[in-house]
Amino acid sequence: MIVELGIVAAKALLVIFMVLNLAGVMGWVERKGSALIQDRIGANRASVLGFAGLGLVNTLLADPIKFLMKEDFIPPRGDRLLHTLAPCLALFPALVTFAVIPFGDVLMVGEREINLQVANINVGILYIFAMASLSVYGIVIGAWASNNKFSLLGGVRGSAQMISYEVAMGLSVIGVLMVYGTLEPQQIVRSQGELLGGWLPAWGILLQPLAFVLFFTAAVAETKRIPFDLPEGESEIVAGFHTEYSGGKFLMFFAGEFAEMVTSAGLMTTLFFGGWQVPYLVRDGFHFPWGTIWLLPHLAVVLLQVGMFTLKVVFFCWLFVLLRWTLPRFRYDQVMRLGWKMLLPLALLNVMVTGVVIVVLHNGS
Amino acid sequence: MILFFILAALSVIFSLAVVFQRNPVHSAMALVATLFLVAVLFLTLDAPMVGFLQILVYAGAIMILFLFVIMLLNPEALERRRVFWWGLGSTAALVLIVEMAALLSAIPAREGRIAAVAEGFGSPEMLGRTLFRDFVLPFEIASVLLLVAIVGAVVLAKREL
Amino acid sequence: MVPLHYYLFLSAILFAIGAAGVVIRRNLIVVLMSIELMLNAVNLTFIAFARALGSMEGQVIVFFVMTVAAAEAVIGLAIIISVFRHRQTLDPQEMLLLRW
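Residues numbered from 1 in each chain as written. Chains lettered and ligands numbered in written order. Predicted model: local features only at pLDDT ≥ 70, side-chain atom pairs only at ≥ 80, totals over all residues. Heavy atoms only, no water.

**A few points about the overall build of chain B**
Piece 1. Along chain B, the regular secondary structure elements total six helices and zero strands.
Piece 2. In sequence order, the secondary structure elements of chain B are arranged as α-α-α-α-α-α.
Piece 3. Taking all 161 residues of chain B together, the buried fraction comes to 42%.
Piece 4. Within chain B, contacts between residues at least 6 apart in sequence are counted, and of these 56% link residues at least 24 apart. (Helix = DSSP H or I, 4+ residues; strand = E, 2+ residues; numbered from the N terminus. Buried < 20%, exposed > 50% of the residue type's maximum accessible area, 1.4 Å probe, protein only. Contact = heavy atoms within 4.5 Å.)

If you want it as structure tokens, here you go:
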């Protein structure tokens, strides 16, 4: 009992540690990446004993210190309680969502089997969407509590945008769930280890390419990053919902956005890119389709899988940054039109086509 | 048991806040907290699917709609308290609670014992099977109802068609 | 295991608070929220009975209650918006006339 509790606690700590660190590193990737794209140097002012470390000192050391030292400003006619609560509401869902995303297969320690996933719930995907749907509150409440018209505009925009894209996001995942026939993330990842025709890994992107495109678009919109940054809208409504935030609370909104990015990346990896699956790697080593077999020790297999998962997540995080700094922004009516008139019908079509294909294949065999 | 009492106490406190907070946004946030706590109670009753749907549908969508409307209309004035209605409402609620308590305490304790349930109770498979085998017609009617609601909302809220 | 009574009693309390809210509050949006609270109390009863009787029907009914609640909230809020546009108030006491 105590050992089990300890294992769960260790897994939870590991995941939180990984997500927060990845979110922190994303701050560096974002600043340096944007500098790279815009052909400038970027974040290199702060240094320790003349060592700037490619901007690492600036983004990982100087920026947080600066944020935490700033005055924590609460608008005098705003709502004190809700103004403080909002950043917590923004950060919390992004962190707890990762609990059901599996980051590896089972790890055997002696006789004990450890499932490399913090919580294995049989409605895991539903849990993810339930928690993701709560992340709107941070924006809406923060915007309202600031008692500022620009904040309020950002909050109204944010609530409408996030509800719209949640619908499209949920419907695009339905196709994937139909194909794998389960709501358990770990089960979905396991099914993606099977081989189609003996050589092609059955990853979600190959079975549900349209669903991936829709899901990716909706996920970018949910993170409120640049093609969809209407709630923030720097060029029109100052800084949108976080106009009146400074210091530690602003840092929490910021960290929440990055943690959300990491979580969406993890979700995409799990649903469409085989999660921790390395092609042709099964529990005792590589089994290539042409017959070669490489046996590997158990620990090496587990490390390879966890490493592969991390690599895929990092790749998607990088893709988010790339998108943000290369695409122009949408206008608000364009955002709404894209969500309701393009993503939603396409997602419904995808569900229908998937259903027909499944029935035909089922009756054919 | 302890968990139940904590959840119950918190949900009663938050639901009282829904009624007695004079600011509609505070009421809405208290209601969100209540809905969340009730969803956790669903989890303790082996209904994980319904519990998460409750968070997704109520807390994630309906309450955001409420907040959206509050922010859109942004009614400035706080409402005035009216002693008569206040008294009537709380008296009615108290009577209701006492009546329910009397009714519930009349049931012998052994009737209320909760039986063990089969493995997989409340799982998506079982829920789906019941929903699409025994309740197909109500399901279809519910979907028509939602369609009517969508059309009605658009007609009502649009300034000119 | 917590006895069924406790859940039923809790749901009775929540229902009564919701009912009181409908009577006390003078803001249509909050009245609508109190109705949601009452529906939720009923949902809790359904789920508790479903667990006690070991049958899934109770959980399925909650599905339908949620559907109806969503439809009700959408229509109710739409009506509130259009009434507010005409009268600039959310107080049901000032909406005694049937015409616009």
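**What about the overall build of chain A?**
Piece 1. From N to C terminus, chain A includes twelve helices and seven strands.
Piece 2. Compactness check: chain A gives a C-alpha radius of gyration of 22 Å against a globular reference of 21 Å for 365 residues, within 12% of the reference.
Piece 3. With the principal axes as the frame, chain A shows a C-alpha extent of 65 × 55 × 50 Å.
Piece 4. Taking all 365 residues of chain A together, 54% fall into the buried category.
Piece 5. When contacts within chain A are restricted to residue pairs at least 6 apart in sequence, long-range pairs at least 24 apart make up 76% of them.
Piece 6. As displayed, chain A offers around 16,800 Å² of accessible surface, 72% of which is attributable to carbon and sulfur atoms.
Piece 7. Separation of charge centres in chain A, based on 23 positive and 23 negative side chains, amounts to 7 Å. (Rg over C-alpha atoms; globule rule 2.2 N^0.38 Å. Areas by Shrake-Rupley, 256 points an atom, 1.4 Å probe, with all protein chains shown as cover. Lys, Arg positive; Asp, Glu negative; His and termini not counted. Charge placed at Lys NZ, Arg CZ, Asp CG, Glu CD.)

**Re helix 6 (residues 136-157) of chain B**
Piece 1. Spanning 22 residues, helix 6 of chain B covers 32 Å between terminal C-alpha atoms, matching the ideal 32 Å at 1.5 Å per step.
Piece 2. Among the structural elements, helix 3 (57-87) of chain C are those in contact with the buried residues of helix 6 of chain B. (Expected span 1.5 Å × (residues − 1).)

**Considering helix 11 (residues 298-326) of chain A**
Residue and element names in this part refer to chain A.
Piece 1. Between its first and last C-alpha, helix 11 extends 42 Å over 29 residues, near the 42 Å set by a 1.5 Å rise per residue.
Piece 2. Listed as buried for helix 11 are V301, V302, Q305, F309, K312, V313, F316, C317, F320, V321, L323 and R324.
Piece 3. The inward-facing, buried residues of helix 11 contact helix 1 (2-37), strand 1 (106-109), helix 9 (209-222), helix 10 (247-272), strand 5 (281-282) and strand 6 (285-287).

**Some words on the nonpolar core**
Piece 1. If you look at the biggest cluster of nonpolar residues, it comprises 171 residues, and the most contacted ones within it are I125, Y137, F215 and L271 of chain A, M63 and F66 of chain B together with I29 of chain C.
Piece 2. When residues of this core are assigned to their parent elements, the largest contribution, 16 residues, is made by helix 3 (residues 48-73) of chain B.
Piece 3. Y280, L281, F286 and V301 of chain A belong to the second-largest nonpolar core, a separate cluster that totals six residues. (Core = buried A, V, L, I, M, F, W, Y, C linked by side-chain atoms within 4.5 Å.)

**Brief notes about the confidence of the model for chain A**
Piece 1. Overall, the prediction assigns chain A a mean pLDDT of 82, with 98% of residues at 70 or greater.
Piece 2. Mean pLDDT per element in chain A: strand 2 (residues 112-115) of chain A is the minimum at 75, and helix 9 of chain A is the maximum at 88. (pLDDT = per-residue confidence, 0-100.)

**Here's the deal with the interface of chain B and chain A**
When the parts come together, some accessible area is lost, and that loss is often what is quoted as the size of the interface.
Piece 1. Listed per partner, the contact involves 24 residues of chain B and 26 residues of chain A.
Piece 2. Here chain B and chain A share an interface that buries about 2,200 Å² over both sides, 83% of which is from carbon and sulfur atoms.
Piece 3. By the criterion of area lost to chain A, the three top residues of chain B are F52, I64 and M71 of chain B, representing 30% of everything that side buries.
Piece 4. The interface formed by chain B and chain A includes zero salt bridges.
Piece 5. Counting across the interface, chain B meets chain A through one residue pair in polar contact (both at pLDDT 80 or more).
Piece 6. Of all the secondary structure elements, the ones that give two or more residues to the side of chain B that touches chain A are helix 2 (24-44) and helix 3 of chain B. (Buried area = accessible area lost by both parts, 1.4 Å probe. Salt bridge = Lys/Arg side-chain N within 4 Å of Asp/Glu carboxyl O. Polar contact = N/O pair within 3.5 Å; in protein donor to acceptor, adjacent residues only side chain to side chain.)

**Some words on the interface of chain B and chain C**
Piece 1. Counting residues at the interface gives 79 residues for chain B and 70 residues for chain C.
Piece 2. Summing the contributions of chain B and of chain C, the shared interface buries around 6,900 Å²; its carbon and sulfur component is 80%.
Piece 3. A salt bridge links R51 of chain C to D46 of chain B, with the shortest nitrogen-to-oxygen separation between them at 2.6 Å.
Piece 4. Scanning the region where chain B abuts chain C turns up four residue pairs in polar contact (both at pLDDT 80 or more).
Piece 5. Breaking the side of chain B that touches chain C down by element, the ones donating at least two residues are helix 1 (2-20), helix 2, helix 3, helix 4 (83-106), helix 5 (124-134) and helix 6 of chain B.
Piece 6. Looking at which element gives the most residues to the side of chain B that touches chain C, the answer is helix 3 of chain B, with twelve residues.

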